Amino acid sequence: MAVTAQAIVQNMAQLLGGFRAVAATSNGTTTTVVDTALSNESNDWYKGWWLRATSGSNDAEERRVRSFTQSTGKITVEVAFSNSTASGNTFELHKVLQPSRMLLSLQTARRRVFPNLSALIEDSSLVVNGQSDRYTVPSDIEGRPTAIFLETPAADGTQNNFLTNTNGASTDGLSGSQVTLTVFSRKDGYTDVPKYGDSAVKAVAAASQTGVVTETHTATNADLTGIALSYARWIYCRTASRLTIRLSDGTTNSDSATHGGTGWELMHVTLNVRSGATSIVPTIRNTSASPAFDYFISNGWLYMGIKSPLLFNQRLENWQYHDRGAREIEFSEKLPRGRQLFIQGQGLVTSPTAYATSIVITDQEAELFAIAGTIEALKRWRNELSGLSRDQVEALHQSFQGDFNDTYKTLGRRARNIRVVS
């Protein structure tokens, strides 16, 4: 499940001794918010609390409360918001510490709760260069990897592949619009490109132009109505968020996620061919932006079904982890050039940089995260906490530390060999 950073911050505020959700029941000013539901509290009950806007034109702004009027439910802040508040705008009241400080505490606390509270990661950014037997562990994996797999490539020319150009070794079957296509041949010392064999197609996308590379194939749209199709290509690119692949049946388009710009990625998209389809068109597309950029095209597939063409990976057993200086993995023998390494391990949970940040953890893990964040807040901001004496801070710190240890023990260790693709 996913929990928002906002929910964790609210939990922290309750642990520190005060939280209240607010919804404006009428229009206010730049310095006032009115919520009649607050009228059951006495005058100045919320004086000194922090008011954070969570919607509307002042979203994410935080102000200290100057006064509170019980009869009307009116909150007055010390410093004006950027805009007048409107009926229906939502806010939060925090008694002890402003929410932005609690977010900062969570960013530090995510290291405190590691590894019992962690993200399971599979990194596929490394390509075997065919020369070295040592590789640096990707930075998103903390500590020792738990498992490593070597890509086993699917056959490129099987009878189930409709593409004319299956291996990307030539420009046959590829045509570019605002994209220049040439053959890139392997050179001495070149390790990353081409991926397989001795050549790949180099594509230069023109600056400030939407580029399209269209592929020819042998699929007949009339025969494929009602059938699920997959289109996939290995593409190397160092520019993020500019490339996608698309599969169209003439009436419906299906686009892949954008290329991450980390090197070789197997881009994959599926489409259910609908009645009335006029043509099956697989394309590689880039957005219009400046400057121009290059990418490389290797093996590709167009076939029936929705599974990725990467059939399976070979698990590697004979490797060692080194953490003196650079963190590296060392293999007992050289691996085949051009293959992807899939490295599994534990990483830090998503950094809660904003209220809307979604963190994939369970309810119990969210509770642990909130306690850890509260402990960090008490350590970092003890001189800025409102309404708490030094003795109260110390007592809370000790209490939360005990709660943290108890919750931490109940979580247990994560399974070490779960296959998770992030």
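These lines cover the structure that appears in this document, whether it is placed above or below. Just so you know, these numbers come straight off a predicted model, no measurement behind them.

1. Observations concerning the sheet that holds strand β12 (residues 179-185)
1) Next: Taking strand neighbours across the sheet as the criterion, the five strands line up as β12-β13-β20-β15-β18 in an open arrangement whose pairing is antiparallel. Because the sheet does not close on itself, it has two edges, and the strands there are β12 and β18 (263-272). This sheet shows a mean twist of 30° between the axes of neighbouring strands, independent of strand direction.
2) Next: As judged from the ten bridges shared by strand β15 (residues 228-237) and β18, these two strands associate in the antiparallel manner. Paired with Ala228 across the bridge in β18 is Asn272.

2. Focus on the pairing of strand β16 (residues 243-248)
Regular strands show a simple pattern: their side chains alternate between the two faces of the sheet.
1) Next: Judged by how many residues are buried, β16 sits mostly within the fold: six of six residues are covered.
2) Next: The side-chain alternation of β16 yields two buried faces, one formed by Leu243, Ile245 and Leu247 and the other by Thr244, Arg246 and Ser248.
3) Next: Count of turn residues in the β16/strand β17 (residues 253-255) antiparallel hairpin: four residues, of which Gly250 carries a positive phi of about 90°.

3. Focus on the pairing of strand β23 (residues 328-331)
1) Next: Looking at chain direction, strand β9 (residues 134-136) and β23 are connected through three bridges and run antiparallel. Note on β23: the bridge partner recorded for Thr136 is Glu328.
2) Next: As judged from the four bridges shared by strand β22 (residues 319-322) and β23, these two strands associate in the antiparallel manner. Within β23, the position partnered with His322 by the bridge is Glu328.

4. Comments concerning the nonpolar core
1) Next: Counting residues in hydrophobic clusters, the biggest one holds 34 residues, and the most contacted among them are Ile8, Ile361 and Phe369.
2) Next: For this core, the elements supplying multiple residues, two or more each, are α1 (5-16), α2 (99-112), α4 (363-380) and α5 (390-411).
3) Next: Tallying contributions element by element places α4 first for this core, with nine residues.
4) Next: Residues within four places of Phe369 in sequence aside, it is in contact with Ile8, Leu106, Ala109, Arg110, Leu117, Val349, Pro352, Ile359 and Ile361.
5) Next: Counting 29 residues, the second largest nonpolar core, distinct from the first, contains Val179, Ala203, Leu271 and Ile280.

The rules behind each value
- Residues numbered from 1 in each chain as written.
- Predicted model: local features only at pLDDT ≥ 70, side-chain atom pairs only at ≥ 80, totals over all residues.
- Heavy atoms only, no water.
- Pairing = 2+ DSSP bridges.
- Helix = DSSP H or I, 4+ residues; strand = E, 2+ residues; numbered from the N terminus.
- Axes fitted to C-alpha atoms, helices over the stretch in contact; angles between N-to-C directions.
- Buried < 20%, exposed > 50% of the residue type's maximum accessible area, 1.4 Å probe, protein only.
- Core = buried A, V, L, I, M, F, W, Y, C linked by side-chain atoms within 4.5 Å.
- Contact = heavy atoms within 4.5 Å.

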